[in-house]
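In case you want the letters, here they are:
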Amino acid sequence: MATILYNNQPALRPARAFNKVLNDLLRDTLPAVAEPTQSFVPLADILESEQGFELHLALPGVVKEDVKIDFQDGNLVISGERKAPVAEENGPKFRRMEMAYGSFTRSFRLPDTVDVTAIEAQLTDGVLRVKLPFDSKKVTKHHIEIQ
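Residues numbered from 1 in each chain as written. Predicted model: local features only at pLDDT ≥ 70, side-chain atom pairs only at ≥ 80, totals over all residues. Heavy atoms only, no water.

A. How the structure looks around the sheet that holds strand S2 (residues 52–58). Pairing is antiparallel across the open sheet formed by 4 strands, whose spatial order is S1-S2-S7-S6. Whereas interior strands pair on both sides, the edge strands pair on one side only; in this sheet they are strand S1 (44–48) and strand S6 (120–124). The sheet shows a mean angle of 15 degrees between the axes of neighbouring strands, direction not considered. Sheet analysis places S6 next to strand S7 (residues 127–133), joined by 5 bridges and oriented antiparallel. Each bridged residue has a counterpart across the sheet, and for glutamate 120 the counterpart in S7 is lysine 131. (Pairing = 2+ DSSP bridges. Helix = DSSP H or I, 4+ residues; strand = E, 2+ residues; numbered from the N terminus. Axes fitted to C-alpha atoms, helices over the stretch in contact; angles between N-to-C directions.)

B. Seen up close, the side chain of arginine 82. Structurally, the position occupied by arginine 82 is in strand S4 (residues 75–82). Lacking a salt bridge, the buried arginine 82 has aspartate 66 as its closest oppositely charged neighbour, with an N-O distance of 9.7 Å. Of note is the side chain of arginine 82, whose polar atom sits 2.7 Å from the backbone oxygen of proline 60. Here alanine 100 takes part through its backbone oxygen, which lies 2.9 Å from a polar atom of the side chain of arginine 82. When sequence neighbours within four positions are dropped, the list of residues in contact with arginine 82 reads Phe40, Pro60, Gly61, Val62, Met99, Ala100, Tyr101, Gly102 and Phe104. (Buried < 20%, exposed > 50% of the residue type's maximum accessible area, 1.4 Å probe, protein only. Lys, Arg positive; Asp, Glu negative; His and termini not counted. Salt bridge = Lys/Arg side-chain N within 4 Å of Asp/Glu carboxyl O. Polar contact = N/O pair within 3.5 Å; in protein donor to acceptor, adjacent residues only side chain to side chain. Contact = heavy atoms within 4.5 Å.)

C. The pairing of S2, seen in detail. Here S2 lies mainly inside the structure; 5 of its 7 residues are buried. Inspection of the sheet shows S1 paired to S2 by 5 bridges, in the antiparallel sense. Its bridge partner lying in S2, alanine 44 is registered against leucine 57. What sits between S1 and S2 in their antiparallel hairpin is a turn of 3 residues. Looking at chain direction, S2 and S7 are connected through 7 bridges and run antiparallel. Counted as the bridge partner of leucine 55 is valine 130 from S7.

D. Representation of unusual backbone geometry within the structure. For aspartate 73, which is not glycine, the phi torsion reads 55 degrees and is therefore positive. Among the structural elements, aspartate 73 can be located in the loop between strand S3 (67–72) and S4. We classify aspartate 73 as exposed; its relative accessible area is 64%. With phi around 55 degrees, aspartate 125 is a residue other than glycine that occupies positive phi space. As for its placement among the helices and strands, aspartate 125 is situated in the loop between S6 and S7.

E. The nonpolar core, seen in detail. Grouped together as the largest cluster of nonpolar side chains are 16 residues, with contacts concentrated most on Leu59, Val67, Leu76, Ile78, Leu128, Val130 and Leu132. Only S2, S4, strand S5 (102–109) and S7 provide two or more residues apiece to this core. Those residues in contact with valine 67 that lie beyond four places of it in its chain are Leu59, Val62, Ile78, Ser79, Gly80, Phe104 and Leu128. (Core = buried A, V, L, I, M, F, W, Y, C linked by side-chain atoms within 4.5 Å.)

Nothing here speaks to function; it is all geometry.
Right under this line is the structure:
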């Protein structure tokens with residue numbers, strides 16, 4: 001007859017096996033890539049105040065000469081490129097790349113309340129800030145008193 005061992009005190013059971021499996025599953029959540037990507041989508045935040053909207057686009061490592069902002073047919077189009085670092089032949093080689101490189105394009109549909117002639121953009125500390133002021137001449141809501 002075989003003897004079966006059973007630990008009826010779960011607090012004393014070794015948790016290492018489960019923890020090891022869980023750590024192995026969660027350790028490498030991103031795929032390991034040794035070559036730069038061809039394109040990426042920068043993250044964007046949109047804020048609204050009484051003066052208008054403000055768009056923040058995360059572009060670390062991008063210089064302002066590599067960014068283009070256009071307004072066409074009601075859309076604000078921001079495009080550009082983040083250049084990948086060049087690996088020298090005798091220098092260190094990339095073993096893992098998690099940052100995205102290459103070209104990017106983001107398009108935002110602007111409401112009619114934005115004054116497109118007064119849009120301003122500034123790139124500092126890797127964040128592109130685009131100010132989209134409201135057009136004070138346009139009226140989008142007006143209450144009419146009955147006399």
